[in-house]
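Read off the chains here:
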Amino acid sequence: MTSSNDDTLPPPDDDLEYLPTEVISAESGNSSALQHINTIAADRNMRDRQRADYKKHKRRQLRTSVILFVLTLCSTFLVASGYVPFTWLAIKMSPAYGDDLERQILEHALATGDVPKSLDEFLWENVISGVMYAIPLMSILFCHEMGHYLLSVRHRVPASFPYFIPLPLPPLGTMGAVIFQGRGVATRRQMFDIAVAGPIAGLVITIPVLLLGIYQSGYKTLVPGGGLEFGEPLLLQWVIHWIHGPGLPGQSFMITSLGLAGWVGVFITAMNLLPVGQLDGGHILYTLIGRKAHFVAILVIVAGVGLMAIQGTYTFSLLLILLMVTGLRHPPTANDSEPLGAGRAMLGWVTLSFLIVGFTPTPIFETEGAKAPAPAEQTGPVTADYSGTEA
């Protein structure tokens, strides 16, 4: 995701040279020549100070970006591992807690028909689950944001380093990432290139992660008890049917940590392609149709509010609030009349069409029990299974 920001410092102009057109002798006594030399020296000093300030500013950005990346890596690991470091600490502090946890593990194995695990095996599997979720997901987010950043550098458009957003709460462990970009600096074509590069770069990692994760996952008989389930966009339905076929009555598709990382990659990419404001989709649509994109953004917001009212959920409430705070109207580019060309226009519409196969109106919801239609009979949800082994 890229966001316009007036406070983003532009890079110093390294191509600007303050050189006299002829050699001026100080012995000539020409006061205007001496004044010209003083002006040149002052301009060079100012340029050196600007370059030093810019480098200092970018070092601060990089330090902040690295810290947030590490924190987000930790938060995604904690969520996917079931907060295993705290579990291990609780066991060390209270052996009775470890005994109770072993009893719960045994009861779960008897209910599901799985092979009972020891406490050490349980903790180690949780560690593997955290790693198999956090590293692929952070790779997806990193590639997505670096797609934006590298194209900004190529077009010499001021942009910050990616800022990752940790959220150590289930089920995702993160709120994604954002890059701040100088407002009104990029031309229409530059804005298009920067906006479209993120989703494409992210999908290059997302698709293999999703395919391998779905391959490792499988159908499993439902057991009593509720839990979080994840909606299936069309792309996920196609991949599940292609690899595993339809499930039997009474079964639900249990997705592993790696598959869940791929699911999050698909969801975040599709959500960023919503044609609203500062989202990638908002940038792309504005470069394609200009100010008509403002009307489309309003329709999307109205449709989102209406959908949540009909479903009685508040899934996208925070996103809608953030979009309305940052503004639904896309700011003009430095040159709105610059032609995109047929190739870019086609790429833009194809990229936006990922919304059709990657977006789901009910991404995450909670179930109350084991009663659920078979995936063979209707579009069923997938259930998170934070384990690194096949279900």
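As shown above, the structure is provided for reference.
Now for a quick tour of the structure. Predicted, not measured: the structure shown is a model, and the values here were computed from it. (Residues numbered from 1 in each chain as written. Predicted model: local features only at pLDDT ≥ 70, side-chain atom pairs only at ≥ 80, totals over all residues. Heavy atoms only, no water.)

1. Here we look at a positive patch on the surface
Logical step 1: Together, Lys55, Lys56, Arg59, Arg60 and Arg63 make up a positively charged patch on the protein surface.
Logical step 2: Tracing the backbone through its elements, the reader meets Lys55 in helix H1 (residues 31-80).
Logical step 3: Look at Lys55 and you get partly exposed, because its relative accessible area is 47%. (Patch = residues over 30% accessible without salt bridge, like charges linked within 9 Å, V, L, I, M, F, W, Y side chains within 5 Å. Areas by Shrake-Rupley, 256 points an atom, 1.4 Å probe, with all protein chains shown as cover. Salt bridge = Lys/Arg side-chain N within 4 Å of Asp/Glu carboxyl O. Lys, Arg positive; Asp, Glu negative; His and termini not counted. Charge placed at Lys NZ, Arg CZ, Asp CG, Glu CD. Helix = DSSP H or I, 4+ residues; strand = E, 2+ residues; numbered from the N terminus. Buried < 20%, exposed > 50% of the residue type's maximum accessible area, 1.4 Å probe, protein only.)

2. Some thoughts on the pattern of salt bridges
Logical step 1: Under the counting rule described, the total for this entry stands at four salt bridges.
Logical step 2: The residue Arg103 makes a salt bridge to Asp100 at a minimum N-O spacing of 2.4 Å. Highlighted residues: Arg103 and Asp100, both in helix H3 (residues 95-112), separated by three residues, approximately one helical turn.
Logical step 3: Ionic pairing is found between Lys117 and Glu125, a salt bridge with its closest N-O pair at 3.9 Å.

3. A closer look at the layout of surface pockets
Logical step 1: Considering only enclosed or pocket space, the second largest pocket measures out at about 920 Å³ in volume.
Logical step 2: Forming the walls of the second largest pocket are 32 residues, and the residues nearest its centre are Thr174, Met175, Met271, Leu318 and Leu319.
Logical step 3: Contributions of two or more residues to the lining of the second largest pocket are made by helix H4 (119-154), strand E3 (174-182), helix H7 (257-272) and helix H10 (317-326).
Logical step 4: If one sorts the elements of the lining of the second largest pocket by residue count, E3 sits on top with six residues.
Logical step 5: Each residue belonging to the lining of the second largest pocket can be placed in one class, and the counts come to 23 nonpolar, eight polar and one charged. (1 Å grid on protein atoms, 1.4 Å probe; cavity = no way out; pocket = protein on both sides within 12 Å on 5 of 7 lines; lining within 4 Å. Points joined across faces, edges and corners; volume = space filled by probe spheres on them. Nonpolar A, V, L, I, M, F, W, Y, C, P; charged D, E, K, R; others polar.)

4. Remarks on a nonpolar patch on the surface
Logical step 1: Among the surface-exposed residues, Ile165, Met175, Leu318 and Leu322 lie close enough to one another that they form a single nonpolar patch of about 330 Å² accessible area.
Logical step 2: Take Ile165: it is sitting in strand E2 (residues 163-166).

5. Notes on the nonpolar core
Logical step 1: Grouped together as the largest cluster of nonpolar side chains are 54 residues, with contacts concentrated most on Tyr133, Ile214, Trp263, Val264, Ile284 and Phe354.
Logical step 2: Broken down by element, this core gets its largest block of residues, 10 residues, from H7.
Logical step 3: Among residues more than four places away in sequence, those in contact with Ile284 are Phe192, Ala195, Val196, Leu273, Gly348, Thr351 and Leu352.
Logical step 4: Core analysis: the second largest hydrophobic core is formed by eight residues, Phe77, Val84, Leu101 and Leu123 among them. (Core = buried A, V, L, I, M, F, W, Y, C linked by side-chain atoms within 4.5 Å. Contact = heavy atoms within 4.5 Å.)

6. Side note on the packing of helix H2 (residues 84-93) against H4
Any two packed helices are characterised by the angle at which their axes cross and by the distance between the axes.
Logical step 1: Contact geometry for H2 and H4: axes closest at 10 Å, N-to-C directions at 155 degrees. In terms of orientation, H2 lies roughly antiparallel with respect to H4. Every pair of crossing elements has a handedness; the one defined by H2 and H4 is left-handed. For the pair H2 and H4, contact is made by Val84, Thr87, Trp88 and Ile91 and by Leu119, Leu123, Asn126 and Val127, respectively.
Logical step 2: Here the residues of the contact of H2 with H4 sort into six nonpolar, two polar and no charged. (Axes fitted to C-alpha atoms, helices over the stretch in contact; angles between N-to-C directions. Parallel < 35°, antiparallel > 145°, perpendicular 65-115°, else oblique. Left-handed = near helix turned anticlockwise from the far one by under 90°.)

7. Section: helix H5 (residues 188-216)
Logical step 1: For H5, which comprises 29 residues, the first-to-last C-alpha distance of 43 Å matches the rise-based estimate of 42 Å (1.5 Å per residue) to within 8%.
Logical step 2: Residue Leu203 marks the point of greatest curvature in H5, where the axis turns by about 30 degrees. (Expected span 1.5 Å × (residues − 1). Bend = angle between axes of the 7 residues up to and from the residue.)

8. Quick notes on the environment of Pro158
Logical step 1: Considering the arrangement of structural elements, one finds Pro158 in the loop between H4 and E2.
Logical step 2: Measuring from C-alpha to C-alpha, the distance between Pro158 and Val185 comes to 7.7 Å, with 27 residues separating the pair along the chain.

9. Looking at the side chain of Glu338
Logical step 1: Within the secondary structure layout, Glu338 lies in the loop between H10 and helix H11 (342-352).
Logical step 2: For the buried Glu338, no salt bridge is present, and the opposite-charge side chain at shortest range is Arg189, 4.2 Å distant.
Logical step 3: A polar contact of 3.0 Å, which involves the side chain of Glu338, links it to the backbone nitrogen of Arg189.
Logical step 4: Those residues in contact with Glu338 that sit more than four places away from it in its chain are Thr187, Arg188, Arg189 and Gln190. (Polar contact = N/O pair within 3.5 Å; in protein donor to acceptor, adjacent residues only side chain to side chain.)

10. Observations regarding a negative patch on the surface
Logical step 1: Negative charge collects at one region of the surface, where Asp99, Glu102, Asp120 and Glu121 lie side by side.
Logical step 2: Inspection of the secondary structure assignment puts Glu121 in helix H4.
Logical step 3: Here Glu121 falls in the partly exposed class, since its relative accessible area comes to 43%.

11. Description of the packing of aromatic side chains
Logical step 1: Summed over the entire model, instances satisfying the criterion amount to seven aromatic pairs.
Logical step 2: When the ring of Tyr163 is compared with that of Phe180, the centres are 5.9 Å apart and the planes differ by 55 degrees; the resulting orientation is tilted. With Tyr163 in strand E2 and Phe180 in strand E3, this residue pair connects regions lying 17 residues apart in the sequence.
Logical step 3: The exposure class assigned to Tyr163 is buried, which follows from its relative accessible area of 15%.
Logical step 4: For Lys58, the ring lying beneath its charged end belongs to Phe161, and the centroid distance is 4.5 Å. (Phe/Tyr/Trp six-rings, centres within 6.5 Å; stacked < 30°, edge-to-face > 60°. Lys NZ or Arg CZ within 6 Å of the ring centre and 35° of its normal.)

12. Some remarks on the packing of H4 against H7
Logical step 1: Taken N-terminus to C-terminus, the directions of H4 and H7 make an angle of 25 degrees; their axes are 8 Å apart at the nearest point. By the angle between their directions, the pair H4 and H7 is classed as roughly parallel. Note that H4 runs across H7; the crossing there is right-handed. Residues Ser129, Met132, Tyr133, Pro136, Leu137, Ile140, Leu141 and His144 of H4 touch H7, and the partners they reach there are Ser257, Leu258, Leu260, Ala261, Val264, Gly265, Ile268 and Asn272.
Logical step 2: Grouping the constituent residues of the contact of H4 with H7 by class yields 11 nonpolar, five polar and no charged.

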